[in-house]
Amino acid sequence: MSGGGEELLRQAQALAQAGRLPEAAQALQAFTRQQPGHFPALRLLGQICFRLGAFDRAVAALEAALAVQPEDTPCQLVLAEILRRAIPQAYQPALDSRLTALLSGDIVKHQDLALVAARHLKLKHPLPEGLEALLADPLALLLLTRCVLVDGELERALTALRRAVLLDGRALPRAQLTALATQTANNNAAWAVSGEEAEAFELRLAALPAEPPAEHLPPLLLYRPLAELPQAEALAARDLDAWPEDLRPLVRASLLEPLDAQRRGADIESLGGEEANSVSRAVRGQYEESPYPRWLQLERFPASALAERLRQLFPGFQPSAALQARPLRLLVPGGGTGRQPLSLARAFPETEVLSVDLSRASLGYAQQRAERLGIGNVAFLQGDLLEHGRLGARFPAIACTGVLHHLADPLAGWRVLTELLEPGGVMQIALYSKLARRDIALARDRIAALGLGDSPAEIRSFRERVLGGQEPALAELAQEKDFADLHGCRDLLFHRQEHRFDLAEIAAALEVLDLEFLGFDLAGPEIAQAYRAANPQDPAMTDLAAWRDFEEANPATFRTMYNFWCRKPG
């Protein structure tokens, strides 16, 4: 590398560190013209262009970087973030290799690519005449086996195909049949079932012997996972090697793992005490019946320390001594099926994570996933959040997301957590937004007006109303991952207890609890860019009154919840 090239790279890095991103991008582009295969420069250029919203330039730089180092985690994560946002309007052949590579690996979160993959496949194989070619596409098999399908039109086409398999004896290649059966397990059997299909399914099920041959099962598994069949225990006793090789992943995912999670949940230690009230009992019952979320994969992030992560989120953040201790103790109330506590445990390997939840079914799933992923710095405990005082310890860090709004009194639960937080400790909180969830509130009102309960059949019935166009005001729900999954749809629209908040209420709660607002952990860099442009007087982005005005102008800002960090004085 010439001396001039080295100087240009150092200049670009200094500009990036100073936050002068457009100038840094220009310098990096000039440098990569001189050194086209320089991996660190290409990766940095891709990351900066992503933050600037220059997605085409970012993709070009990231793909050039991945041509040098194909397994690089940061490049793959940023590329997936871009593809997730860029829903195609016309068929793009280059997308095939991009999506196939990302869905074949285990670095990025596959579910984030489910919508773009489905749209891409429909543009490549237009429905309805292209369904047969679509289902034979290798990308479609990856989508069905590695994601929950989030596309109403494609779901309805595949539901009709499934009906033809059951009622008309339509033959499908084994790989396609297995992929559709895997999708049934992935979405917890969410797709609509007609009365005729239900009757035919029950007749076929009743005709099965106590230990049915493997070849008799795949058509039935388009309607119900193996673990839910009456013969589940007998089938689970069969040696996995006795199953046809192509069915073994399905047997593992839809039979062996669910039964193993049930057994694990029964053995989880209890915090003691009873559920504090009828709401806690109702919520526990829901999650025992419908553990949520049933996640298929844990995305990878570069390991770091929590204090360093907070410094990145909030420049100028000064961690307490306790927050820098090793190992750092982190409490996750309402850790559920483990996606959050295990993500934290893997992202912050010098942390000891304690995940507590009401539901044994959820905890069993979490423990199973921890063992499968080799994550050993997390422990599990069953108990009610309102009984967390029984832990007899304080924590320098607490992460409680998506839990408080399901309590009878969210502020009472938040107060319990504040008492468990050490002085100077930090707490992550995530709460539903009234503005962002207006369609959810409307859907809940419609469900109540229709007199629907939360049984699987009633959830399927309402989903079919939305997908069939009978609820036009709710059509966009079909793009929600949780809507596509039976357990997720129950959590999204049929939850037994839900509160929603606005930023004025959150500001008031922070004041009552004497907690300092540190800032939001935003869903994407474009939100921060837009907020800064609208509010140059708030460079720290901590003015909740300004955020309230911003949200009113941009109601979808906190669709994924208000996700923020706060600190206890000390």
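For the structure, see preceding data.
Now for a look at the structure at hand.

Each value, and the rule that gives it
Counting of residues starts from 1 at the beginning of each chain's written sequence and follows it residue by residue. Only residues with pLDDT of at least 70 are given local features in this predicted model, and only at 80 or more are side-chain atom pairs given and counted; all residues enter the totals for whole chains, interfaces and linings. To get the side-chain values, take all heavy atoms of the structure and skip hydrogens and water. Simply put, an axis is a line fit to the C-alpha atoms, just over the touching stretch for a helix, and the angle between two N-to-C directions goes from 0 to 180 degrees. For helices the rule is a DSSP run of H or I covering at least 4 residues; for strands it is a run of E covering at least 2, with both sets numbered from the N terminus onward. Crossings are assigned a handedness: left-handed for a near helix turned anticlockwise from the far helix by less than a right angle, right-handed for a clockwise turn. In this analysis, two residues are considered to be in contact whenever any of their non-hydrogen atoms come within 4.5 Å of each other. Each residue is assigned to one of three groups, with Ala, Val, Leu, Ile, Met, Phe, Trp, Tyr, Cys and Pro labelled nonpolar, Asp, Glu, Lys and Arg labelled charged, and all others, Gly among them, labelled polar. The rule for a salt bridge is simple: a side-chain nitrogen of Lys or Arg has to be within 4 Å of a carboxyl oxygen of Asp or Glu. When a residue's accessible area, from a 1.4 Å probe over protein chains only, is under 20% of the maximum for its type it is buried; when over 50% it is exposed; and in between it is partly exposed. Given a helix with a known number of residues, its expected span is that number minus one, times 1.5 Å. Within this analysis, the arc is defined by the directions that extend from the helix axis to the C-beta atoms. Residue types Ala, Val, Leu, Ile, Met, Phe, Trp, Tyr and Cys, when buried and joined through side-chain atoms within 4.5 Å, form a set referred to as a nonpolar core. Between 30 and 60 degrees the pair is tilted, below 30 it is stacked and above 60 it is edge-to-face, where a pair is any two Phe, Tyr or Trp rings, Trp via its six-membered ring, whose centres lie within 6.5 Å. Over a ring means this: the NZ of a Lys or the CZ of an Arg is within 6 Å of the ring centre and within 35 degrees of the ring normal.

**Topic: the packing of helix α10 (residues 152-168) against helix α21 (residues 456-467)**
Part 1 of the reasoning: The N-to-C vectors of α10 and α21 enclose an angle of 120 degrees; their axes lie 10 Å apart at closest approach. Where α10 crosses over α21, the handedness of that crossing is left-handed. On α21, the residues touching Gly 152, Glu 155 and Arg 156 of α10 are Arg 463, Glu 464 and Leu 467.
Part 2 of the reasoning: Residue classes in the contact of α10 with α21 are distributed as 1 nonpolar, 1 polar and 4 charged.

**Things to note about the pattern of salt bridges**
Part 1 of the reasoning: Counted under the stated rule, the structure contains 44 salt bridges.
Part 2 of the reasoning: A salt bridge links Arg 43 to Asp 72, with the shortest nitrogen-to-oxygen separation between them at 2.7 Å. Of the two residues, Arg 43 sits in helix α3 (residues 39-52) while Asp 72 sits in the loop between α4 (55-68) and α5 (73-85), which places them 29 residues apart along the sequence.
Part 3 of the reasoning: Here Asp 72 falls in the buried class, since its relative accessible area comes to 10%.
Part 4 of the reasoning: In this structure, the salt-bridge partner of Asp 96 is Lys 124, at a minimum N-O distance of 2.6 Å. Residue Asp 96 is located in helix α6 (residues 93-104), and its partner Lys 124 is located in helix α7 (residues 114-124); the two are separated by 28 residues in the primary sequence.
Part 5 of the reasoning: One salt-bridge network, held together by shared partners, links Glu 81, Arg 84, Arg 85 and Glu 526.

**Remarks on α21**
Part 1 of the reasoning: End to end, α21 covers 16 Å across 12 residues, agreeing with the expected 16 Å (1.5 Å per residue, within 8%).
Part 2 of the reasoning: Buried within α21 are the following residues: Ile 459, Arg 460, Phe 462, Arg 463, Val 466 and Leu 467. Projected down its long axis, α21 carries its buried residues within an arc of 165 degrees, all on one side.
Part 3 of the reasoning: Residues of α21 that are buried make contact with α10, α20 (438-449) and α22 (486-493).

**Notes on the nonpolar core**
Part 1 of the reasoning: Leu 113, Leu 158, Leu 180, Phe 483 and Leu 493 are the most contacted members of the largest nonpolar core, which has 107 residues in total.
Part 2 of the reasoning: In this structure, Leu 180 is in contact with Leu 135, Leu 144, Leu 158, Leu 161, Leu 172, Trp 191 and Leu 222, ignoring residues within four places of it in sequence.
Part 3 of the reasoning: Formed by 42 residues, the second largest nonpolar core is a distinct cluster that contains Leu 354, Val 356, Leu 431 and Leu 503.

**Remarks on helix α23 (residues 503-513)**
Part 1 of the reasoning: Residues of α23 that are buried: Leu 503, Ile 506, Ala 509, Leu 510 and Leu 513. Here the buried residues of α23 occupy an arc of 120 degrees about the axis, which is enough to place them on one side. Projecting away from the buried face of α23 at angles above 90 degrees are the exposed residues Glu 511 and Val 512.
Part 2 of the reasoning: In the core, the buried residues of α23 are packed alongside α19 (410-420), β5 (421-431), β6 (516-520), α25 (544-553) and β7 (562-567).

**Digging into the packing of aromatic side chains**
Part 1 of the reasoning: The final tally for this structure, using the stated rule, is 15 aromatic pairs.
Part 2 of the reasoning: Each ring, one from Tyr 531 and one from Phe 550, has its centre 5.6 Å from the other, and the planes form 75 degrees; the classification is edge-to-face. Of the two residues, Tyr 531 sits in helix α24 (residues 525-534) while Phe 550 sits in helix α25, which places them 19 residues apart along the sequence.
Part 3 of the reasoning: For Phe 550, a relative accessible area of 8% corresponds to the buried category.
Part 4 of the reasoning: Relative to Phe 550, the ring of Trp 547 lies with its centre 5.6 Å away and its plane at 85 degrees, an arrangement referred to as edge-to-face. Taken together, the positions of Trp 547 and Phe 550, both in helix α25 and 3 residues apart, correspond to about one turn of that helix. With respect to class, Trp 547 is no different from Phe 550; both count as buried.
Part 5 of the reasoning: Through successive ring pairs, a cluster of aromatic residues spans Trp 414, Phe 517, Phe 520, Tyr 531, Trp 547, Phe 550, Phe 558, Tyr 562 and Phe 564.
Part 6 of the reasoning: Its end group placed over the ring of Trp 243, Arg 238 keeps NZ or CZ at 4.8 Å from the ring centre.

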